[in-house]
Amino acid sequence: MPAPPAVQHSSSKMRRKVAPTALPHDPDSSDKLDLLLLSSAICNGEDLGPFVRKAFASGKPDTLLHHLRHFSRSKESEIEEVCRAHFEDFIRAVDDLRSLLSDVDSLKSSLSHSNARLQSVAGPLLASLDAFIEARNISRNAALALDAARACARTADFCCRANAHLQASNFYLALKCVDALERDHLQDCPSSTFRRMLEKQIPAIRAHIELKINKEFGDWLVQIRVVSRNLGQVAIGQASAARQREEELRIKQRQAEEQSRLSLRDCIYTLEEEEDEDPTVGHGDEPNDKLGAFGFDLTPLYRGYHINQTLGFQDRFKQYYFENRKLQLTSDFQVSSMTPFLESHQQFFAQIAGFFIVEDRILRTGGGLISKLEVESLWDIAMSKMCSVLEDQFSRMQTANHLLLIKDYVSLLGVTLRRYGYPVDALLDVLSKHRDKYHELLLSDCRKLITDALAADKFEQMLMKKEYEYSMNVLSFQIQTSDIVPAFPFVAPFSSTVPDCCRIVRSFIEDSVSFLSYGGQLDFYDVVKKYLDRLLIEVLDSSLVKLINSSVHGVSQAMQVAANMAVLERACDFFFRHAAQLSGLPLRMAERARRQFPLKNARDAAEEHLAGLLKAKVDDFMLLTENINWMSDDFPPNGNEYANEVLIYLETLVSTAQQILPVEVLKRVLHGVLTHISEKIVGAFLGDSVKRFNGNAVMGIDVDIRMFESFADNQAHLFQDSDSGTNQLRGALSEARQLVNLLMNNHPENFLNPVIREKSYSALDYKKVGIISEKFRDASDRLFGSFGTRGLKQNPKKKSLDALIKRLKDVS
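No experiment lies behind these values; they were computed from the predicted model shown. (Residues numbered from 1 in each chain as written. Predicted model: local features only at pLDDT ≥ 70, side-chain atom pairs only at ≥ 80, totals over all residues. Heavy atoms only, no water.)

### Let's talk about the overall build of the chain
Scanning the chain from terminus to terminus reveals 26 helices and two strands. Of all 812 residues assigned to the chain, the portion counted as buried reaches 39%. Considering only residue pairs separated by 6 or more positions, the chain has 77% of its internal contacts joining residues 24 or more positions apart. For the chain, the accessible surface area stands at approximately 46,100 Å², while carbon and sulfur atoms represent 53% of it. (Helix = DSSP H or I, 4+ residues; strand = E, 2+ residues; numbered from the N terminus. Buried < 20%, exposed > 50% of the residue type's maximum accessible area, 1.4 Å probe, protein only. Contact = heavy atoms within 4.5 Å. Areas by Shrake-Rupley, 256 points an atom, 1.4 Å probe, with all protein chains shown as cover.)

Here you go:
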């Protein structure tokens, strides 16, 4: 039979193992040892499998079975001993239990009696207590219900306020209500249905607000482009008005300077400059202060930025704004190939100006919506594109006025944006780079206008019937000779080509100054003067010379051109003064820099051409010298025929010319004509047609020269410096006068005396005197010859003349 299980202690300590006792080696002891080992294994709770396998392997299972039975009998005896040892204790315990049972029965009856009494007494109290507990539970439930209702009412009130703000588009207040709902009411909401509804609707409300505010921002982006263009046009227009006021102040300043130069000390003047305000800059703290009149409203932008800040999308909105504005700026750079740039340049530049005026406002009042570096980045892009567009458009233009129109608008753009702190030097550099091209085109245009004006000239004195015509054609160019306004109708000494050319030159100066001014260069008078010199010398002077050489045929026309040149000489002084005034240079400095008359070639050509025509006319009269009787027996007391004809012509010429030509011009022309007459008289003596002449012929020529000298003396009243003028005109006849004086002198050999020759015969030439003396030597015997005999004394004058001729031959 199997051994009973070993007793296990409840203690956590290991059970002590029983070790087998060593026995003497004999067959019985071997069985005892096996029994001992088996008993030890059973007591220790070890596995008996090895013992079983060993018994069957050795073929002795009965021995194993015997050992097991022996172990079982040994344990039964132990049990009996233990039971016998504890039996008395067990009996005492049973007795105790029986006495306890009787006590329990008495306690049970006592408890039953007490319970019955308690039930009878506590029954009504328990009923009252149950009623109280039920009433208190109801009260608590009602209070909880009221609290929940109040909480739901407060939540519902916030929901109603949020809805009202949403309907009124007060998105910021609506978001504040939603945030309060989420923060203070959502987790404490007693209604799970209400709470689920809020958890669903709060994100939807935020998404709705974000959608609405972004739509408003998108609409603002569309509207701001039109607003920017209008704003740019208004700002540039105000810059133009400010520039006009500056020009008016400069005009007043020039008038004041002129009054100061004229020593009008009694005239007291003050220059007052009005400070223009920028209408695009408000004085209040609101973003759109004073900007409503221009449609410059940034409220949608700032509202969108504020709402996105509240939603936590600040950085995303700033990036979105910058990228969209950059795309708008890029689209503003598109120049239509279908519309000429001249027609679209104002909108092009006004759009850019308005864009950066808006950005400047946002930079200053946007609360960090856009940074200064981002604005500078946009400005660099815009500046690069504007310079590129200007370079391209200027390279295509072939009309000076078109360049000027665009330049003026670009300079106004620069003035406008410089007020907002944007650097515009690169833009002004592009304008300066095309300065030469503009002036070349302007010179080409002026060349055509001057050519047309000269071609239309009829070489007639200009008639002015009204005072405004005199002011427009004379006073405006300061070419008047007197400060007294003449009576009307007034016949001017010049033709219509003078004021026409003056208007062209004045327009050139104003256009040149307009192109050079407001371009970053403060002192540009030298540049204006350089191009003005080119206009006067290369264009006007050359055109006048060409006109004189090709189209002036008559004396009256030549005289009119010469008169025009005298007037243009005064006009040139006005041109340089006008250029200095427009360039902001004081007149005293401009007057110090006066230079040679730029139309000198045309003036000289006109006077030479007039003198040439007059000389040709005189030559026609001088042909009458062929009718002179060079061997006459008597001299003509009233002069020769040619002299009378020439004098009549000269007197007629002077009476006409003094109405047109200035004194100096008339004096130079008369001097040239009289010099030519003197040369023709000497040439008559030298001519082959005159083989010989006598003293009567010389006396007749002397009368002629006296008539010419008298004519010269009679012109003294025309010249302010009469003595100088008369002497100069007389000097023109010096060669003929000195020749006649020499021929009429009784001692012609004095010509050989250097002192006398320098004093009295400085205009005579050795060879001419020798040739003429040879002809005079063959005069009549009555004067120089001798009839015959050797006893007669030779004529001393003839002897002196022979000596002169001989000496002249030796010299030559």
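### Topic: helix α7 (residues 314–332)
For α7, with 19 residues, the first-to-last C-alpha span of 27 Å sits near the 27 Å given by 1.5 Å per residue. Within α7, the full set of buried residues consists of F317, Y321, F322, R325, Q328, L329 and D332. One side of α7 carries all its buried residues, which in axial view fall inside an arc of 130 degrees. Of the exposed residues in α7, the ones pointing more than 90 degrees away from its buried face are D315 and L327. (Expected span 1.5 Å × (residues − 1). Arc of directions from axis to C-beta.)

### Notes on the packing of aromatic side chains
Scanning the entire structure with this criterion turns up 21 aromatic pairs. A ring pair is formed by F355 and F356, whose centres lie 5.0 Å apart and whose planes are at 70 degrees; its orientation type is edge-to-face. Under the relative-accessibility criterion, F355 is labelled buried at 2%. Exposure remark for F356: the relative accessible area of 0% places this residue in the buried category. Consider the rings of F685 and F693, whose centres lie 5.0 Å apart with planes at 70 degrees: the pair is edge-to-face. Residue F685 shares its accessibility class with F693, and that shared class is buried. Aromatic ring contacts, followed pair by pair, group F217, W220, Y305, F317, Y320 and Y321 into a single cluster. A cation over a ring is seen here: R316 above F313, with NZ or CZ 4.1 Å from the ring centre. (Phe/Tyr/Trp six-rings, centres within 6.5 Å; stacked < 30°, edge-to-face > 60°. Lys NZ or Arg CZ within 6 Å of the ring centre and 35° of its normal.)

### What to know about the pattern of salt bridges
Across all of its chains, the model carries 24 salt bridges by this definition. Notably, a salt bridge pairs E216 with R303, separated by 3.5 Å at the nearest N-O pair. Pair noted here: E216 is in helix α5 (residues 192–261) and R303 is in helix α6 (residues 299–311), with a separation of 87 residues, a long-range link. In this structure E216 comes out as partly exposed when scored by relative accessible area, which is 24%. Judged by its relative accessible area of 26%, R303 is partly exposed. The partner of E709 in a salt bridge is R737, and the shortest N-O contact between them spans 3.0 Å. Separated by 28 residues along the polypeptide, E709 in helix α21 (residues 695–714) and R737 in helix α23 (residues 734–744) bring together distant segments of the chain. For the pair shown, E709 and R737 are each scored as buried. (Salt bridge = Lys/Arg side-chain N within 4 Å of Asp/Glu carboxyl O.)

### Details of unusual backbone geometry
Note the cis peptide between F488 and P489, where omega equals 5 degrees. Along the chain, P489 turns up in the loop between α13 (467–473) and β2 (490–491). Positive phi outside glycine occurs at F459, with the angle close to 55 degrees. Mapped onto the secondary structure, F459 falls in the loop between α12 (435–455) and β1 (463–464). Among the residues examined, F459 registers a relative accessible area of 13% and is labelled buried. Positive phi, close to 55 degrees, is recorded for Q478, a residue that is not glycine. Structurally, the position occupied by Q478 is in the loop between α13 and β2.

### Some remarks on a nonpolar patch on the surface
A surface patch of nonpolar side chains, amounting to about 350 Å² of accessible area, comprises L126, L129, F132 and I133. F132 gets classed as partly exposed once you look at its relative accessible area, which sits at 47%. (Patch = residues over 30% accessible without salt bridge, like charges linked within 9 Å, V, L, I, M, F, W, Y side chains within 5 Å.)

### Remarks on the nonpolar core
Judged by nonpolar contacts, the single largest core of 178 residues is most densely connected at F356, I362, F575, I681, F685 and F693. The element that contributes the greatest number of residues to this core is helix α16 (residues 555–582), accounting for 16 residues. Among the nonpolar cores identified, the runner-up in size contains 21 residues, and C152, A162, A174 and L198 belong to it. (Core = buried A, V, L, I, M, F, W, Y, C linked by side-chain atoms within 4.5 Å.)

### Comments concerning the environment of Q715
With respect to the helices and strands, the residue Q715 is situated in the loop between α21 and α22 (722–731). Sequence separation between Q715 and E651 is 64 residues, and the spatial gap between their C-alpha atoms is 9.6 Å. In contact with Q715, not counting residues within four places along its chain, are V654, L670 and L729.

### A look at the packing of helix α9 (residues 372–396) against helix α10 (residues 400–418)
At their nearest, the axes of α9 and α10 sit 12 Å apart, and the two run at 165 degrees to each other. Looking at the two axes, α9 sits roughly antiparallel to α10. For the pair α9 and α10, the crossing hand works out as left-handed. Here W379, M386, L390 and F394 of α9 lie close against α10, whose contacting residues are L403, I406, V410, L413 and L417. (Axes fitted to C-alpha atoms, helices over the stretch in contact; angles between N-to-C directions. Parallel < 35°, antiparallel > 145°, perpendicular 65-115°, else oblique. Left-handed = near helix turned anticlockwise from the far one by under 90°.)

### Thoughts on the packing of helix α19 (residues 641–657) against α21
The axes of two packed helices give the description: the angle between them and the distance between them. At their nearest, the axes of α19 and α21 sit 10 Å apart, and the two run at 10 degrees to each other. Our classification of the angle between α19 and α21 gives roughly parallel. On the side of α19, the interface is formed by Y642, A643, N644, V646, L647, L650, E651 and V654, while α21 contributes I701, D704, M707, F708 and F711. The residue makeup of the contact of α19 with α21, split by class, is ten nonpolar, one polar and two charged. (Nonpolar A, V, L, I, M, F, W, Y, C, P; charged D, E, K, R; others polar.)

### Focus: the confidence of the model for the chain
For the chain, the mean per-residue pLDDT works out to 78, and 83% of the residues sit at or above 70. Under a pLDDT of 50 for its full length, residues 21–25 has, in the predicted model, six contacts with residues more than four places off or in other chains. Across residues 778–793, where pLDDT falls below 50, the model places 20 contacts with residues more than four positions away in sequence or in other chains. (pLDDT = per-residue confidence, 0-100.)

### With respect to the side chain of E359
Of note, E359 is situated in helix α8 (residues 341–365). Residue classification places E359 among the buried residues on the basis of a relative accessible area of 0%.

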